[in-house]
Each structure stands twice: as C-alpha cells, then as structure tokens.
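Topology and contacts: notes
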Amino acid sequence: LAAPSSAGFHMQEIASAGAAFTLSRLNLAATYAFIRGALTANQPTQQTANLTMFENAAQSFLGIPVDDALGLFTGEAASVSSYSVNGSPQRVFAATIQQPEAVLRVLRAVVGPMIASEDHSGSSTFLDISYPYRDSETGMRRRRFYYVAVTPQMILAAPRKAMLRQVVTQLGSQTGAASARGIFANEEYSQMRSRLPEKLSGLSGADITQIPWDKLLANLEDRAAKRSKDSQPPDLAWLKLLNPRVISRHLHMTLSGWWKDSSGVYFDSYLQ
C-alpha cells in the first residue's frame, strides 16, 4: 500500500490553503495485484473463477480492466480541511492521476446517473453530483450535491463548487517553484518538519491556532442536539468544559509523518 518515500509532495500547494492537511503516497494498483495474488493462491478453483467473473463484469462496467483503472491514479492523495464562518469543517479531497479522459470515462460509468450537470473551464471538467439522503429533522428524502473536478494531473472533490473552483484556479496559476504558504511558511512547522526524515510516504499536520474552536465546539453541540431529537440526547456537558482560548494558547501545531525502507514502515508524531 505504501509507495516509496521521497522528498516533497506535488499536492503541498493544495494543503497550504487549509488549517489541517493529510498527504499520502499510495500504490493502489500494486496493492490490488498483491491481494489478488494472495486470493488466487489460497482459494479453491471455484472461488478463483468467481473472482475472474467479478473482474470481467467490472471491466465491462468500467470499460477497462480493474488494475488499469487503479493505475490511472498515480499515487499521491490529499485531504485538506478548512472551516466556514459557523465553524463547520469542509474538506477538499484530491488525488494525482494520468489520462484524464480515461478517468472521466470511469467516473461517468460509476456515478453516471447521479451527475446532474457537467461543464468545462480550460482543461478542467467539473461534475455536479447529486445523491439522495434522508433529512434527520424531517425524515424526508432530499438530495445533496457534491462537486468533482478533473484536471490534467488531478481529480478533486469538495462540498462546495466555489471552493473547488478556487483550488483549481490556484493550481492553474502556479508558475515554476511555488513559495511556501500557509502552514508551510510557519516557523514552527519548519522546526517540527526538521525532526522527520527528508523522504516521506505520508505527512499530516494542523495549525491548531487557525481552527475556530469556539465556533467548532458550538457547531458540534448543535449538530449532536439535532441528531438526537427523537432519542435520548447525549451528555454534552464536557464540551462546555473546554475553553477555546486556552486550547489555542497552549497548543500550536501538530505534525506526523510516515516513511518506509527495506526494513519496514515507520511513524512519528509531534505536538507543539
């Protein structure tokens, strides 16, 4: 699952826009090949035949073999969290890809009926995906939107289209080597990053001082109360014991990394 460790991440520019981020290098195609080899080596002939039938059906559905579909993802993935004015967290997810037209064909095959609209901006394609859900307050079935963008090098997803377009525009405006921004320009980040190896397969961190703790805690309490209208509400008294100003005063930043070599996979975390 873990791709080889190396210095730097292609998605660091995306991560710089949020208060918290996770960057990972994964090898999905190799992982699938490993699992498939283990299954076919230890299962009876009939179950192996069932796996082959599944792969043939998946290939017919996707238009390409499963391992080729996984190979469209070139290994780097990111999750970046920011916070709205009311304290609700909003995340952008991204992964590096190759052959964007093939990625679009697979995406249309998987979520085709849920694509409400599709539009293009330059070399990027934006998909509005609508899916049903049940409103916890009214019990009514409603529809929620999620937005996906496919660029020549990445696929991105976000809960708001404006957020997604902003990230795509930011990526398109890069010229040459990008300077450090956001959390990566923080001196405390540089100090903590120096404690980790230069070459990593994964890196995650959060600028705790940039998280609106008062609004975040109030939002968590409000959402929990709404979910428990028809049942015994949980005891949320512990939320009132947390002083947001104390959190930001004493906790500044967290950083974690993982890497691999011929001996194994290693993890390390720091809290400032």
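For the structure, see preceding data.
Residues numbered from 1 in each chain as written. Predicted model: local features only at pLDDT ≥ 70, side-chain atom pairs only at ≥ 80, totals over all residues. Heavy atoms only, no water.

**Some points on the overall build of the protein**
Helix and strand counts for the protein stand at 10 helices and 10 strands. By principal-axis analysis of the C-alpha atoms, the protein measures approximately 60 × 50 × 45 Å. For the protein, buried positions account for 38% of its 272 residues. Across the protein, contacts joining residues at least 24 apart in sequence account for 60% of those joining residues at least 6 apart. Counting only carbon and sulfur atoms, one obtains 55% of the accessible surface of the protein, whose full area is about 15700 Å². Across the protein, the centroid of the 26 positively charged side chains sits 5 Å from that of the 22 negatively charged ones. (Helix = DSSP H or I, 4+ residues; strand = E, 2+ residues; numbered from the N terminus. Buried < 20%, exposed > 50% of the residue type's maximum accessible area, 1.4 Å probe, protein only. Contact = heavy atoms within 4.5 Å. Areas by Shrake-Rupley, 256 points an atom, 1.4 Å probe, with all protein chains shown as cover. Lys, Arg positive; Asp, Glu negative; His and termini not counted. Charge placed at Lys NZ, Arg CZ, Asp CG, Glu CD.)

**Some remarks on the sheet that holds strand E6 (residues 141–150)**
An order of E4-E5-E6-E7-E3-E2-E1-E8-E9-E10 is seen for the 10 strands of this open sheet, with the pairing classed as antiparallel. Looking at which strands have only one partner, the edges of the open sheet turn out to be strand E4 (115–121) and strand E10 (264–271). Averaged over neighbouring strand pairs, the angle between their axes works out to 15° when direction is ignored. Sheet topology places E4 next to strand E5 (residues 124–134); six bridges connect them, and they run antiparallel. Of the residues in E5, the one forming a bridge with glutamate 118 is leucine 127. This element, helix H5 (residues 100–111), spans strand E3 (89–97), E4, E5, E6 and strand E7 (154–158) of the sheet and lies at about 170° to E6. Lying over the sheet, helix H6 (residues 161–172) contacts strand E2 (73–83), E3, E4, E5, E6 and E7, oriented at roughly 150° with respect to E7. (Pairing = 2+ DSSP bridges. Axes fitted to C-alpha atoms, helices over the stretch in contact; angles between N-to-C directions.)

**A word on the pattern of salt bridges**
Per the counting criterion, the structure on display carries seven salt bridges. Across the pair aspartate 119 and arginine 165 runs a salt bridge, and its minimum N-O distance is 2.6 Å. Here the residue aspartate 119 occupies a position in strand E4, and arginine 165 occupies one in helix H6, the gap between them amounting to 46 residues. Assessed through its relative accessible area of 22%, aspartate 119 is described here as partly exposed. Taking relative accessible area as the criterion, arginine 165 reaches 31% and is therefore assigned partly exposed. Salt bridges linked by common partners bring Asp119, Asp128, Lys161 and Arg165 together as one network. (Salt bridge = Lys/Arg side-chain N within 4 Å of Asp/Glu carboxyl O.)

**Some words on a nonpolar patch on the surface**
A cluster of nonpolar side chains, contributed by Leu1, Leu28 and Phe73, occupies part of the molecular surface with about 280 Å² of accessible area. Relative accessible area serves as the criterion here: at 62%, leucine 1 is assigned to the exposed category. (Patch = residues over 30% accessible without salt bridge, like charges linked within 9 Å, V, L, I, M, F, W, Y side chains within 5 Å.)

**Quick look at the side chain of arginine 193**
For arginine 193, the location among the structural elements is in helix H7 (residues 187–193). Comment: no salt bridge for buried arginine 193; closest opposite-charge side chain is glutamate 198, at 7.3 Å. Within the structure, arginine 193 has its side chain in polar contact with the backbone oxygen of glutamate 198 (distance 2.9 Å). (Polar contact = N/O pair within 3.5 Å; in protein donor to acceptor, adjacent residues only side chain to side chain.)

**Side note on the nonpolar core**
Ile14, Phe21, Leu156 and Leu203 are the most contacted members of the largest nonpolar core, which has 31 residues in total. Per-element tally for this core: the top contributor is H6, with five residues. In this structure, leucine 203 is in contact with Phe9, Phe21, Thr22, Leu23, Tyr189, Arg193, Leu196, Leu255, Ser256 and Gly257, ignoring residues within four places of it in sequence. Counting 19 residues, the second-largest nonpolar core is a separate cluster that includes Ala102, Leu107, Ile129 and Val148. (Core = buried A, V, L, I, M, F, W, Y, C linked by side-chain atoms within 4.5 Å.)

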